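These are the residues of each chain, in order.
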Amino acid sequence: MTRTTRVFDFNRALVRLPARSVVNGLRAVECGAPRFEGVLAEQAAYVAALEAAGVGVDVLPALEAFPDSVFVEDAALVFEGAAIVLRPGAESRRGEAEAIAPALGERFEHVVRLTQGNVDGGDVLAAAGKVFIGQSARTNAEGARALCGLLDQLGLHGAPVATPEGVLHFKSDCSLLDEETILATARLAASGVFEGFRVVLTPEGEEGAANALRVNERVLMSDAFPRTAEMLNALGYAIVPLATHEIAKIDAGLSCMSLRWRGR
Ligand code: CIR
């Protein structure tokens, strides 16, 4: 019996080592700089969790010139056989896209570039049959439109939607639990954007849990949200709790530290 590949079935991932400059990473609210060694340790545990979930992880060298470059998800989108080099919305992050392009060229048959507007990968949720593109302070309408065109060439349907005011990325507030189910904050779900999907809401006060990461049979989740973990465990998801204490100081969660795909 053959089983078709699900949107969260991955066997490969790309990560980048944090630079020492990560202590200067962008943050909306100042709550102290992350410790470099702490970010390194959180990333090491994350890579181990991806590997334990059945993913082969390639590690790119650190880029000191780009404090946020450990968050590779924002610089590109990857699919089976194809990659899209994005145009991150924050001025200090623009160069990360060109910096990751050669690594994508070595791994993907087709690499195309977004040439208009801005899109951060953190605003893009690839669900079954639909790629949500959340417009935000980092992703504008022009970028979302241009990305829809590129997705169309790959046979994918891009759907521009809104990210709630004050939320960094669309995926800060949602993630896939399975092909029918999305974990989302109440403020994002209230917009009706996930019509047609089953939505599981993060408990009040645990909104940060929404940036989880479904990988094969597991769901990687921050260990800072025990009520969400308990709820998802009870629903039958295999939760892998991971420390995000240091990366959270610079507004990061679990999707942002890797690019994931199915490939050779
Ligand atoms: C930033 O503000 O761009 C970084 N400090 C955090 C990026 C997190 N990226 C993501 O969730 N996709």
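Our structure's up above, just so we're on the same page.
Residues numbered from 1 in each chain as written. Predicted model: local features only at pLDDT ≥ 70, side-chain atom pairs only at ≥ 80, totals over all residues. Heavy atoms only, no water.

Next up on the list: the packing of aromatic side chains. Applying the stated criterion to the full structure yields five aromatic pairs. Aromatic ring contacts, followed pair by pair, group Phe 132, Phe 170, Phe 194 and Phe 197 into a single cluster. (Phe/Tyr/Trp six-rings, centres within 6.5 Å; stacked < 30°, edge-to-face > 60°.)

Here we come to the nonpolar core. Leu 50, Phe 132, Phe 170, Ile 182, Phe 194 and Leu 220 are the most contacted members of the largest nonpolar core, which has 40 residues in total. Counting residues per element, the ones that place at least two in this core are β1 (12-16), α1 (36-52), β6 (124-127), β9 (174-176), β10 (181-184), β12 (213-215) and β14 (238-242). Take this core: its biggest share by element is six residues, from α1. Excluding its chain neighbours within four sequence positions, the residues that come into contact with Phe 132 are Asp 123, Val 124, Leu 125, Ala 127, Ala 159, Val 161, Phe 170, Ile 182, Val 193, Phe 194 and Phe 197. Core analysis: the next-biggest nonpolar cluster, separate from the first, contains 16 residues, Leu 60, Ala 75, Val 85 and Phe 108 among them. (Core = buried A, V, L, I, M, F, W, Y, C linked by side-chain atoms within 4.5 Å. Buried < 20%, exposed > 50% of the residue type's maximum accessible area, 1.4 Å probe, protein only. Helix = DSSP H or I, 4+ residues; strand = E, 2+ residues; numbered from the N terminus. Contact = heavy atoms within 4.5 Å.)

Read from one edge of the open sheet, three strands run β2-β1-β15, paired in mixed fashion. Looking at strand neighbours, the two that pair on one side only are β2 (56-60) and β15 (259-261), the edges of this open sheet. Pairs of neighbouring strands in the sheet enclose a mean axial angle of 15°, with direction left out of account. Contacts between α1 and the sheet are confined to β1, β2 and β15, with β1 contributing the most and set at about 175° to the helix. Each of β1, β2 and β15 is contacted by helix α2 (residues 95-107), which is oriented at about 160° to β1, the strand it contacts most. (Pairing = 2+ DSSP bridges. Axes fitted to C-alpha atoms, helices over the stretch in contact; angles between N-to-C directions.)

Turning our eyes to something else, we now look at the site of the ligand. Residues in close proximity to the ligand total 13 residues, the closest being Asp 68, Asp 74, Arg 93, Arg 138 and Ile 250. Within the side chain of Asp 74, a nitrogen or oxygen atom sits 2.8 Å from a nitrogen atom of the ligand. A distance of 2.8 Å separates an oxygen atom of the ligand from a polar atom in the side chain of Arg 138. Burial of the ligand by the protein amounts to 98% of the accessible area it has alone, namely 340 Å². Classifying every residue of the shell around the ligand gives five nonpolar, two polar and six charged. (Near = heavy atom within 4 Å. Polar contact = N/O pair within 3.5 Å; in protein donor to acceptor, adjacent residues only side chain to side chain. Areas by Shrake-Rupley, 256 points an atom, 1.4 Å probe, with all protein chains shown as cover. Nonpolar A, V, L, I, M, F, W, Y, C, P; charged D, E, K, R; others polar.)

Turning our attention to the pattern of salt bridges. In this structure the tally under the stated criterion is 18 salt bridges. A salt bridge links Glu 37 to Arg 20, with the shortest nitrogen-to-oxygen separation between them at 3.9 Å. One end of the pair, Glu 37, is in helix α1; the other, Arg 20, is in the loop between β1 and α1, and 17 residues separate them in sequence. Judged by its relative accessible area of 46%, Glu 37 falls in the partly exposed class. With relative accessibility at 51%, the residue Arg 20 sits in the exposed group. In this structure, Arg 107 and Asp 58 form a salt bridge, with 2.9 Å as the shortest nitrogen-oxygen distance. Taken together, the residues Arg 107 in helix α2 and Asp 58 in strand β2 connect sequence positions 49 residues apart. Using a relative accessible area of 22% as the deciding quantity, one classes Arg 107 as partly exposed. Members of the salt-bridge network, linked through shared partners, are Arg 6, Asp 9, Arg 214 and Glu 217. (Salt bridge = Lys/Arg side-chain N within 4 Å of Asp/Glu carboxyl O.)

Attention now goes to a nonpolar patch on the surface. Taken together, the side chains of Leu 17, Leu 40 and Val 59 define a hydrophobic patch exposed on the protein surface, amounting to about 210 Å² of accessible area. Turning to its location among the elements, Leu 40 is positioned in helix α1. (Patch = residues over 30% accessible without salt bridge, like charges linked within 9 Å, V, L, I, M, F, W, Y side chains within 5 Å.)

So, about the environment of Asp 223. Residue position: Asp 223 is located in the loop between β13 (218-222) and α5 (226-234). Using a relative accessible area of 48% as the deciding quantity, one classes Asp 223 as partly exposed. Spatially, the C-alpha atom of Asp 223 lies 9.8 Å from that of Ile 239, the residues being 16 residues apart in sequence. Excluding its chain neighbours within four sequence positions, the residues that come into contact with Asp 223 are Pro 241, Leu 242, Ala 243 and Thr 244.

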